[in-house]
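A structural walkthrough
Single-letter residue listing:
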Amino acid sequence: MARSVWSVQCFATLNCLTTPYTLNEYSTSISVKRKDNQSLSILLSIIPINTHTHLLCVNGYSKSTMPPANDGSPATVDGCSCEYDGDSHKTCSQCERKSKKSGLTSSSSSYALLSFDSFPVEDYDKRWRIFTASVKGFVIGAGIKGGLSLFAILARLRRRRTLSLDKKVKMASGGQDLILALKETVRYGLFLGTFAGTFVSVDELIAALGGHRRTARWRALLAGAIAGPSMLLTGFNTQHTSLAVYILMRAAVLASRCGIKSKRFGHICKPLTWAHGDIFLMCLASTQILCAYILKQDSLPQSYKSFLNKHGGKDPIILQGVRDIACGMPFTNLEQIRKFYKNTGVDVILDPQMKVPCSIIHANQSCRWHAFSFFFQAYKRAVPVYLPVYLIPALIVHRQGLGKRPFTILAKGLFGTARSSLFLSTYCTSAWIWTCFLFRIFKRCNVTMLALGTFPTGLSLAIEKKSRRIEISLYCLARAIESFFTTMSDIGYLPQLENVKRVDVLIFSLSTAVIMHCYAMERDVFRSKYLNVLDWVFGVPRSPHDATPRKKSDTS
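Quantities reported herein were computed from a predicted structural model and do not represent experimental measurements.

1. Quick notes on the overall build of the protein
- Scanning the protein from terminus to terminus reveals 20 helices and six strands.
- Relative to its 556 residues, the protein shows a buried fraction of 44%.
- Relative to all contacts within the protein whose residues are 6 or more apart in sequence, the contacts with residues 24 or more apart total 64%.
- Element-wise, carbon and sulfur atoms account for 62% of the exposed surface of the protein, whose accessible area totals about 30,500 Å².

What follows is the structure, given as structure tokens:
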């Protein structure tokens with residue numbers, strides 16, 4: 001029997017009354033094709049999700065597929081291919097996928113809240129979007145910081161077993177470490193949770209007041225800048241210069257990618273498309289970092305300084321001797337160096353008038369033999385660093401595939417561990433190889449020789465996977481920039497920096513403004529893995545060219 005206009009209206013009304021969940025509070029216009037080929041517009045205030053009505057969110061508009069008219073063809077929009085045959089109904093893959101997503105977002109259950117799927121922001125109620133962004137931000141912050149703190153506690157407990165009783169007394173107890181780790185975990189969770197919630201709140205507020213389309217070009221920029229000071233929640237007296245500079249580097253990369261796309265600035269940013277630019281950045285960063293490692297470790301963050309001291313493979317007493325000769329100062333600890341080597345079973349003769357510190361660095365070994373022995377020791381130190389980096393994400397991300405192809409996934413993880421360990425061990429070994437090589441050629445040791453010898457160390461990055469090179473180079477470049485400006489400030493070249501309070505918050509806010517603007521307006525400059533995380537937290541943003549849904553529906 002043909003459906004009349006009245007029957008179609010009754011059908012829509014009954015569906016609205018019998019559906020337990022709703023998604024959109026604004027009105028939506030649905031076009032239904034009648035038997036006489038005339039178009040009928042029905043204005044619905046609520047669109048339910050069930051087996052007969054499918055909500056499609058395409059570019060910010062809510063559309064539906066209704067049951068067919070008398071001619072048997074379904075009333076559909078945007079390529080829906082649902083089939084109807086009497087009372088039977090076959091849902092197309094597009095509608096089925098959209099229906100599942102919409103069903104998830106309509107529920108306030110914990111599964112919908114922490115689901116790893118990303119949904120368009122128009123699927124969310126505004127308050128629900130703010131709440132979910134805050135919770136997901138807290139989960140990410142607490143998860144990352146909690147995981148790092150856990151590894152730090154385990155490493156500290158392992159090191160505590162090998163220390164003498166006097167040193168154990170000086171170290172903090174395991175309970176104190178645990179309490180501190182919990183505090184840091186909560187602080188970082190609040191930091192990222194507040195950042196996400198603030199950004200979404202400001203974004204929704206500006207869009208509601210000024211309109212989505214009119215404010216699209218600058219709304220995310222302002223919201224990202226306003227959300228930046230949430231970094232203060234990690235501690236009002238705790239500086240996070242390293243984190244701020246690293247985020248600044250990420251923002252610079254995104255801005256450069258936007259510049260490459262631009263017709264106006266494309267020719268200026270063309271040098272940034274160099275295929276091996278990541279290796280060049282690593283060489284620059286290595287010069288500053290390794291020189292600071294030998295000459296001024298106080299300019300490096302404490303955690304990074306501990307990392308370099310471990311993988312640099314040299315005792316601070318040895319580094320002090322190299323520092324004295326490089327700075328042209330008289331030796332102050334030659335006797336301590338002799339005792340250090342004597343405790344290892346090596347009797348070394350050190351000349352107070354020496355010009356080259358090779359005997360300080362590797363005692364009675366030749367430079368070549370020292371390189372071989374140091375490499376194998378460095379590789380052993382590097383494997384425990386990268387093993388959890390590869391295997392733990394493999395167990396989490398590919399947990400479903402482990403049952404089907406466990407050997408393939410584990411083999412990739414082990415290969416990545418071996419490759420990254422080879423990079424780190426080669427990097428550390430080449431630092432001593434190049435410096436010894438230049439010392440021997442020029443018969444001198446000074447700051448210039450150290451800078452020249454540490455520059456080619458960055459070439460070791462070529463061993464790493466291409467996708468990881470830019471990540472490592474940016475991380476090291478951020479550490480190098482922080483060390484450089486700290487050194488300049490300590491020398492007295494930048495006295496005004498001492499008067500600036502919490503410059504890290506200012507840098508972080510400017511950086512997040514750029515990043516969130518690119519996220520909203522230039523999404524193609526992001527790599528997929530970062531884009532997926534941002535979409536999971538903030539929701540997939542509507543196109544900046546779309547109208548505000550409420551205004552669109554009002555005109556329908």
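On we go.
2. Some details on the pattern of salt bridges
- Following the criterion strictly, the structure yields twelve salt bridges and no others.
- Arg 129 serves as the salt-bridge partner of Glu 204, at 2.8 Å between the closest nitrogen and oxygen. In this pair, Glu 204 sits in helix H6 (residues 174–210) while Arg 129 sits in helix H4 (residues 126–161), placing the two residues 75 residues apart along the sequence. Residue Glu 204 shares its accessibility class with Arg 129, and that shared class is buried.
- Arg 527 is the partner of Glu 471 in a salt bridge, and the nearest nitrogen-oxygen pair spans 3.8 Å.

3. Things to note about the packing of aromatic side chains
- The final tally for this structure, using the stated rule, is 17 aromatic pairs.
- Centre to centre, the rings of Phe 280 and Phe 455 are 6.4 Å apart; their planes meet at 70°, and the pair counts as edge-to-face. Linking Phe 280 in helix H9 (residues 277–295) with Phe 455 in the loop between helix H16 (447–454) and helix H17 (466–491), this pair joins segments that are 175 residues apart in sequence.
- Among the aromatic residues, ring-to-ring pairing joins Tyr 188, Phe 191, Phe 195 and Phe 508 into one connected group.
- The ring of Phe 374 has Arg 381 sitting right over it, with the charged end atom 5.4 Å from the ring centre.
- Here Arg 479 stacks its cationic end above the ring of Tyr 304, 5.5 Å away from the centre of that ring.

4. So, unusual backbone geometry
- If you check the backbone angles, Ala 363 has positive phi at about 50° while not being a glycine.
- Look at Lys 443: it is not a glycine, yet its phi comes out positive at around 55°.
- When its relative accessible area of 57% is taken as the criterion, Lys 443 is described as exposed.

5. Some points on the packing of helix H8 (residues 241–261) against H17
- Two elements in contact, H8 and H17, have axes whose closest approach is 9 Å; the angle formed by their N-to-C orientations is 130°. Between H8 and H17, the angle is such that the two are oblique. As for how H8 packs across H17, the hand of that crossing is right-handed. Here Thr 241, Ser 242, Val 245, Tyr 246, Met 249, Arg 250 and Val 253 of H8 lie close against H17, whose contacting residues are Glu 471, Leu 474, Tyr 475, Leu 477, Ala 478, Arg 479, Ile 481 and Glu 482.
- The residue makeup of the contact of H8 with H17, split by class, is nine nonpolar, two polar and four charged.

6. Side note on the nonpolar core
- By size, the foremost hydrophobic cluster in this structure holds 56 residues, and its most contacted members are Ile 360 and Phe 423.
- Setting aside chain neighbours within four positions, we find Ile 360 in contact with Ile 318, Gly 321, Val 322, Phe 331, Leu 334, Ile 337, Tyr 341, Leu 350 and Met 354.
- Residues Ala 223, Ala 251, Leu 254 and Phe 508 belong to the second largest nonpolar core, which totals 32 residues.

7. Observations regarding a nonpolar patch on the surface
- A contiguous nonpolar surface patch, about 370 Å² in accessible area, is contributed by Phe 138, Val 139, Val 186, Leu 190 and Leu 233.
- The set of elements that each furnish at least two residues to the nonpolar patch consists of H4 and H6.
- Of note, Val 139 is situated in helix H4.
- Since its relative accessible area comes to 38%, Val 139 is described here as partly exposed.

8. Some words on H17
- The first and last C-alpha atoms of H17 sit 38 Å apart over 26 residues, in line with the 38 Å expected at 1.5 Å per residue.
- The first or second residue beyond H17 is Gly 492, which carries a positive phi of 115°.

9. Regarding the side chain of Thr 487
- Along the chain, Thr 487 falls in helix H17.
- In terms of polar contacts, Thr 487 uses its side chain to reach the backbone carbonyl oxygen of Ser 483, at 2.8 Å.
- Leaving out residues up to four positions away in the same chain, Thr 487 has contacts with Gln 288, Lys 296 and Ser 299.

10. Observations regarding the confidence of the model for the protein
- Looking at the protein, the pLDDT average stands at 75 and 70% of residues meet or exceed 70.
- The model gives residues 549–556 a pLDDT under 50, and that stretch makes ten contacts with residues more than four places away or in other chains.

11. Quick look at the environment of Val 186
- Secondary-structure assignment places Val 186 in helix H6.
- On the basis of relative accessibility, which here comes to 43%, the residue Val 186 falls in the partly exposed class.

12. Focus on helix H12 (residues 334–343)
- Listing the buried residues of H12 in full gives Leu 334, Ile 337 and Tyr 341. Considered in projection along H12, the buried side chains sweep an arc of 55° and stay on one side of the axis. For H12, exposure combined with an orientation more than 90 degrees from the buried face picks out Lys 339, Lys 342 and Asn 343.
- The inward-facing, buried residues of H12 abut helix H11 (316–326) and helix H13 (358–362).
- After H12 finishes, the residue Gly 345 shows a positive phi value of roughly 90°.

13. Some remarks on the state of the cysteines
- The full count for this structure, using the stated rule, is zero disulfides.
- The structure places no disulfide on Cys 367, whose sulfur is separated from the nearest cysteine sulfur, that of Cys 358, by 3.9 Å.
- Of all cysteine sulfurs in the structure, the one in Cys 258 sits closest to Cys 518, which takes part in no disulfide; the separation is 3.8 Å.
- Using a relative accessible area of 3% as the deciding quantity, one classes Cys 518 as buried.

14. Regarding a positive patch on the surface
- On the surface, a cluster of positive charge is contributed by Lys 404, Arg 405, Lys 412, Lys 465 and Lys 529.
- Residue Lys 465 is classed as partly exposed on the basis of its relative accessible area of 47%.

15. Notes on the side chain of Ser 509
- Structurally, the position occupied by Ser 509 is in helix H18 (residues 503–521).
- Residues in contact with Ser 509, not counting those within four places in the same chain, are Gly 224, Ala 225, Gly 228 and Pro 229.

16. Focus on the environment of Asn 237
- Residue placement: Asn 237 occurs in the loop between helix H7 (216–227) and H8.
- Along the backbone, Asn 237 and Arg 502 are 265 residues apart, and their C-alpha atoms lie at a distance of 8.6 Å.

Parameters at a glance
- Residues numbered from 1 in each chain as written.
- Predicted model: local features only at pLDDT ≥ 70, side-chain atom pairs only at ≥ 80, totals over all residues.
- Heavy atoms only, no water.
- Helix = DSSP H or I, 4+ residues; strand = E, 2+ residues; numbered from the N terminus.
- Buried < 20%, exposed > 50% of the residue type's maximum accessible area, 1.4 Å probe, protein only.
- Contact = heavy atoms within 4.5 Å.
- Areas by Shrake-Rupley, 256 points an atom, 1.4 Å probe, with all protein chains shown as cover.
- Salt bridge = Lys/Arg side-chain N within 4 Å of Asp/Glu carboxyl O.
- Phe/Tyr/Trp six-rings, centres within 6.5 Å; stacked < 30°, edge-to-face > 60°.
- Lys NZ or Arg CZ within 6 Å of the ring centre and 35° of its normal.
- Axes fitted to C-alpha atoms, helices over the stretch in contact; angles between N-to-C directions.
- Parallel < 35°, antiparallel > 145°, perpendicular 65-115°, else oblique.
- Left-handed = near helix turned anticlockwise from the far one by under 90°.
- Nonpolar A, V, L, I, M, F, W, Y, C, P; charged D, E, K, R; others polar.
- Core = buried A, V, L, I, M, F, W, Y, C linked by side-chain atoms within 4.5 Å.
- Patch = residues over 30% accessible without salt bridge, like charges linked within 9 Å, V, L, I, M, F, W, Y side chains within 5 Å.
- Expected span 1.5 Å × (residues − 1).
- Polar contact = N/O pair within 3.5 Å; in protein donor to acceptor, adjacent residues only side chain to side chain.
- pLDDT = per-residue confidence, 0-100.
- Arc of directions from axis to C-beta.
- Disulfide = S-S within 2.5 Å.
- Lys, Arg positive; Asp, Glu negative; His and termini not counted.
- Charge placed at Lys NZ, Arg CZ, Asp CG, Glu CD.

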